[in-house]
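Coordinates in review
Below are the chains, spelled out letter by letter.
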Amino acid sequence: MSELDRLQASCLFEIEHCDSLKKLDEIRTAIFGKNGKITELMKQLRALDNEQKRQLGQEINLAKTAIMERFSTKLSEIEIRDLQKKLEAEYVDVSMPVRPNAFGKIHPITKVAEELADILSSYGFMFEDGPDIEKEFFNFTALNIPDHHPARTMHDTFYLNMLADEHGRKLLRTHTSPVQHYTMISHKPPFRMFSIGRVYRSDSDATHTPMFDQVECLIVDKNIGFAHLKWILLNVLKKFFHVSELKLRFRPSFFPFTEPSVEVDIAYELKNGKMIFGTGDKWLEICGGGVVHPNVLNCGHIDTSVYQGIAIGFGLERLASLKYGIPDLRGYFESDDRWREAFGFSHVAK
Ligand code: DAH
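Quantities reported herein were computed from a predicted structural model and do not represent experimental measurements. (Residues numbered from 1 in each chain as written. Predicted model: local features only at pLDDT ≥ 70, side-chain atom pairs only at ≥ 80, totals over all residues. Heavy atoms only, no water.)

Looking at the packing of aromatic side chains
Rules: Any two of the Phe, Tyr and Trp rings considered here, Trp counted by its six-membered ring, make a pair once their centres fall within 6.5 Å; the pair's planes then place it as stacked at under 30 degrees, edge-to-face at over 60, or tilted in between. Secondary structure elements follow DSSP: runs of H or I of four or more residues count as helices, runs of E of two or more count as strands, with numbering from the N terminus. Exposure is judged per residue with a 1.4 Å probe applied to protein chains only, and the accessible area is read against the type maximum: over 50% gives exposed, under 20% gives buried, and values in between give partly exposed.
Throughout the structure, instances matching the rule amount to 13 aromatic pairs. A ring pair is formed by Phe-127 and Phe-194, whose centres lie 5.4 Å apart and whose planes are at 65°; its orientation type is edge-to-face. Taken together, the residues Phe-127 in strand β1 (residues 126–127) and Phe-194 in strand β4 (residues 191–200) connect sequence positions 67 residues apart. Residue class for Phe-194 comes out buried when judged on its relative accessible area of 3%. Both rings, one in Tyr-268 and one in Phe-277, keep their centres 6.4 Å apart while their planes meet at 50°; by these two values the pair is tilted. Accessibility expressed as a relative area gives 13% for Tyr-268, which makes it buried. In this structure Phe-277 comes out as buried when scored by relative accessible area, which is 11%. Through successive ring pairs, a cluster of aromatic residues spans Phe-240, Phe-241, Tyr-268 and Phe-277.

What follows is the structure, given as structure tokens:
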């Protein structure tokens, strides 16, 4: 047996008995590395004459190929084995029954958002979305709130410290109303759309949080007006609060993007300390709305000689608090498990 044969046999033996990627890498260096066994052998070629060089060179190459082949088979064997082990260790039986008492609850905001989405979809509203990071133009200008209009300061806006472009400075959207504009420029009327999402204002106390959730509704169609706004609100809220009778009160108000504008209250009464919605002589504000201002429609490329719009904006936390009796607004965002345990909803029907 030549020296080369012995070397090849010992390399193959080592590879054969190796059982980890790390070890295999060490073996590779010991054979083919700078001072590896094969590398050393190649160095010896230099001292030989041409004929011997050719002869031994060929033999070394054959041995090299044989070792490399064994090496790559071993490598994939180990990789497959390791993956198999990992898969077995991380195996999840998705057919296991749900544990009803398992930790984790649906947040009331998610619950209320899903309820409203169901109701609004049943009236033909499509869902549209917009970005949390907005620009001045979309958050304000497109909604008939021009530069220096006092309404801009009413929204305690978080501006992002970045350069302005042709759409103004970047900011965290202060309401979901910009989605009205996106829908107008991307859809042909008639349409009904709703959007649900987070909005941000620099404000924080028991009744204000710097981040909260809004629902935006918009209808653009021919021959529509205030009566439709009233009808749709009445029916959506009846379904939401599960009542057959619902008294609403419309108070004149101001929003730059609607004219006329209203704030809407729903009637309630207290029975044994519990709020009963729909009837009674007490009132709670529930949303804002109005007939879309022609400037907003024009900016959204809607032909105002043919189409009109009505819009509604709800605060989602308020709706959730009223429906499920949740007191302090701040609890919604504190990620306290005890709060979620008390006010959250189970994933499975009980
Ligand atoms: N964007 C308003 C706000 O955040 C809420 C609102 C009021 C939305 C009236 C509307 C609307 O679509 O018609 O204060």
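Observations concerning the pairing of strand β10 (residues 308–315)
So the rule is basically this: Paired strands, in this sense, are two strands between which DSSP finds at least two bridges.
Of the strand pairs in this sheet, strand β5 (residues 211–221) and β10 are connected by eight bridges, and their pairing is antiparallel. Paired with Gln-214 across the strands is Gly-315, a residue of β10.

A word on the packing of helix α1 (residues 3–16) against helix α4 (residues 50–89)
Using the following cut-off: Note on geometry: axes are C-alpha line fits, over the in-contact stretch for helices, and angles between N-to-C directions span 0 to 180 degrees. Each angle receives one of four descriptions, namely roughly parallel if under 35 degrees, roughly antiparallel if over 145, roughly perpendicular if within 65 to 115, and oblique otherwise. Contact between two residues is taken to exist if any of their heavy atoms lie within 4.5 Å; hydrogens are not considered. Ten residue types, Ala, Val, Leu, Ile, Met, Phe, Trp, Tyr, Cys and Pro, are classed as nonpolar, four, Asp, Glu, Lys and Arg, as charged, and the remainder, Gly among them, as polar.
Axis separation between α1 and α4 bottoms out at 10 Å; the angle between their running directions is 5°. On the basis of their axis angle, the class for α1 and α4 is roughly parallel. Contact with α1, carried on its side by Leu-4, Gln-8, Cys-11, Leu-12, Ile-15 and Glu-16, involves Glu-59, Ile-60, Ala-63, Ala-66, Ile-67, Arg-70, Phe-71 and Lys-74 of α4 and no other residues of that element. Of the residues in the contact of α1 with α4, the class split is nine nonpolar, one polar and four charged.

Side note on the site of the ligand
Counted only if it meets this: Only a single heavy atom is needed: when it lies within 4 Å of a molecule or strand, its residue is near that molecule or strand. Polar contact criterion, stated in full: a pair of N or O atoms within 3.5 Å, where within protein one must be able to donate a hydrogen and the other to accept it, and residues adjacent in sequence count only if both atoms are side-chain atoms. Per-residue and other accessible areas follow the Shrake-Rupley method at a 1.4 Å probe size, with only the shown protein chains counted as cover for residues.
In the region of the ligand, 15 residues are neighbours, and His-175, Ser-177, Arg-201, Gln-214 and Glu-216 sit closest. At 3.1 Å from an oxygen atom of the ligand is found a main-chain nitrogen or oxygen belonging to Ala-311. Against a free-state accessible area of 350 Å², the protein chains account for coverage of 91% of the ligand. Mapped by element, the contributors of at least two residues to the shell around the ligand are β5, β9 (282–292) and β10. Partitioned by chemical class, the residues of the shell around the ligand number four nonpolar, nine polar and two charged.

Side note on the pattern of salt bridges
Our working rule: Each salt bridge in this description consists of a side-chain nitrogen of Lys or Arg and a carboxyl oxygen of Asp or Glu lying within 4 Å of one another.
Enumeration over the complete set of coordinates arrives at 23 salt bridges. Between Glu-341 and Lys-105 there is a salt bridge whose closest N-O contact spans 3.5 Å. You can see Glu-341 sitting in helix α12 (residues 337–343) and its partner Lys-105 sitting in the loop between α4 and α5 (108–122), a full 236 residues away along the chain. The exposure class of Lys-105 is partly exposed, given its relative accessible area of 24%. Between Glu-115 and Lys-323 there is a salt bridge, with the nearest N and O atoms lying 2.8 Å from each other. Taken together, the residues Glu-115 in helix α5 and Lys-323 in helix α11 (residues 316–324) connect sequence positions 208 residues apart. As far as burial versus exposure is concerned, Glu-115 and Lys-323 are alike and both buried. When salt bridges that share partners are traced, they join Arg-249, Arg-251, Glu-263, Asp-265 and Glu-285 into one network.

With respect to the environment of Met-96
Summarising the element assignment, Met-96 is placed in the loop between α4 and α5. According to the relative accessible area criterion, Met-96 is exposed, its value standing at 57%. In the structure, Met-96 is positioned 99 residues away from Ser-195 in sequence and 36 Å away in space, judged by C-alpha atoms.

What about the side chain of Glu-317?
The condition that has to hold: Charged-residue counts in this description rest on Lys and Arg as positive and Asp and Glu as negative, His and the chain ends being excluded.
On the secondary structure map, Glu-317 appears in helix α11. For the buried residue Glu-317, which engages in no salt bridge, the nearest side chain bearing the opposite charge is Arg-198, 7.3 Å off. Here Glu-317 is in contact with Ile-109, Phe-212, Asp-213, Leu-329, Tyr-332 and Phe-333, once residues within four sequence places are set aside.

Describing helix α3 (residues 37–45)
Selection criterion: What the arc measures is the spread of directions leading from the helix axis to the C-beta atoms.
Of all the residues in α3, the buried ones are Ile-38, Leu-41 and Leu-45. Projection of α3 onto a plane perpendicular to its axis shows the buried side chains occupying an angular sector of 65°, all on one side. At its buried positions, α3 is contacted by α1, α2 (21–32) and α4.

Some details on the nonpolar core
What counts is decided by this rule: By nonpolar core we mean a set of buried residues, namely Ala, Val, Leu, Ile, Met, Phe, Trp, Tyr and Cys, connected to one another through side-chain atoms within 4.5 Å.
Judged by nonpolar contacts, the single largest core of 44 residues is most densely connected at Leu-237, Ile-286, Phe-314 and Leu-316. The set of elements that each furnish at least two residues to this core consists of α5, β4, β5, α9 (226–241), β7 (258–271), β9, β10 and α11. With near-sequence residues (within four places) excluded, Ile-286 lies in contact with Leu-237, Phe-241, Val-264, Asp-265, Ile-266, Phe-314, Leu-319 and Leu-322. Membership of the second largest hydrophobic core comes to 18 residues, among which are Leu-171, Val-179, Val-292 and Leu-297.

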